[in-house]
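As a plain string of letters, each chain reads:
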Amino acid sequence: MKIPLQITSRNFELTDAIETAIREKALKLDQMFDQIMRCAVVVEIPHRNQQKGVLYNVRINITVPGTEIVVKREPHEDLYVSINNAFDTAQRQLQDAMSRRRGDVKYHEEAPRARIAKLFADEGYGFIATPEGREIYFHKNSLIGHDFEALQVGMPVRYIESVGEKGPQASTVKVD
């Protein structure tokens, strides 16, 4: 970290053991991600709830080049669990931020296009024709966001192909 770790407590005093646990977790993050500029941890007891007892909030603000990561987990009655949950979430968010920064973002292929070629409304299935001329079976239960009875031959669709018992079939069909 370029700026030293900042630990703040609100509405109670941190013990040396708790502060040491936070420092160890922050050091582990710093060793895993050498791009951390700043890390601030706030541990607080927001208010006392007579039914649930004392609940602890842990908030972590981490600055890395290009973004700031803020982690705020649900309050928990065990301070160590609350600290662990917050730092686990921070680690996942840092991994995601570093992946995006490196360009390791997953891209999903666009679903291929086709046209409805044949419909057998009484039986509840049909065939779509791909631009390459292949015919792919689909069942009315594969249709998303559209009424099967309203389909017409020639309508453009997008589909996801899978292998069925009798060959290729569209597991998902959406009117384009």
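First, a word on scope: everything that follows refers to the structure included in this document. The structure displayed is predicted, hence computed values, not measured ones. (Residues numbered from 1 in each chain as written. Predicted model: local features only at pLDDT ≥ 70, side-chain atom pairs only at ≥ 80, totals over all residues. Heavy atoms only, no water.)

**Observations concerning the nonpolar core**
Residues Val-41, Ile-60 and Ile-62 are the most contacted members of the largest nonpolar core, which totals 29 residues. Contributing elements (two or more residues each) for this core: helix H1 (16-32), strand S2 (38-44), strand S3 (57-64), strand S4 (67-72) and helix H2 (79-102). When residues of this core are assigned to their parent elements, the largest contribution, eight residues, is made by H2. If you look at the next biggest cluster of nonpolar residues, it comprises 13 residues, including Ala-114, Phe-148, Met-155 and Tyr-159. (Core = buried A, V, L, I, M, F, W, Y, C linked by side-chain atoms within 4.5 Å. Buried < 20%, exposed > 50% of the residue type's maximum accessible area, 1.4 Å probe, protein only. Helix = DSSP H or I, 4+ residues; strand = E, 2+ residues; numbered from the N terminus.)

**With respect to H2**
Compared with an ideal rise of 1.5 Å per residue, which puts 24 residues at 34 Å, H2 spans 35 Å between its outermost C-alpha atoms and is within 8% of the ideal. Within the span of H2, buried status applies to Leu-79, Ser-82, Ile-83, Ala-86, Phe-87, Thr-89, Ala-90, Leu-94, Ala-97 and Met-98. Packed against the buried residues of H2 are H1, S2, S3 and S4. Among the residues trailing H2, Gly-103 stands out with phi positive, at a value near 90 degrees. (Expected span 1.5 Å × (residues − 1). Contact = heavy atoms within 4.5 Å.)

**Some points on the sheet that holds S3**
Spatially, S1-S2-S3-S4 is the arrangement adopted by the four strands of the open sheet, whose pairing is mixed. Edge strands, defined here as strands with exactly one partner in the open sheet, are strand S1 (6-10) and S4. Going from strand to strand, the sheet's axes swing by 10 degrees on average, the running direction of each strand aside. Bridge count between S1 and S2: five bridges; the pairing is parallel. What sits directly across from Arg-10, in S2, is Glu-44. Strand contacts of H1: S1, S2 and S3, with the helix running at about 140 degrees to S1, the strand carrying the most contacts. Sheet strands touched by H2: S2, S3 and S4. Its angle to S3, the strand with the most contacts, is close to 25 degrees. (Pairing = 2+ DSSP bridges. Axes fitted to C-alpha atoms, helices over the stretch in contact; angles between N-to-C directions.)

**Some remarks on the pairing of strand S5 (residues 113-120)**
In this sheet, strand S9 (residues 156-164) lies alongside S5 in antiparallel orientation, the contact comprising three bridges. If you follow Arg-115 over to S9, its bridge partner there is Pro-156. Sheet topology note: the S5/strand S6 (residues 125-129) ladder contains five bridges and is antiparallel. Bridge pairing in S6 places Leu-119 opposite Gly-126.

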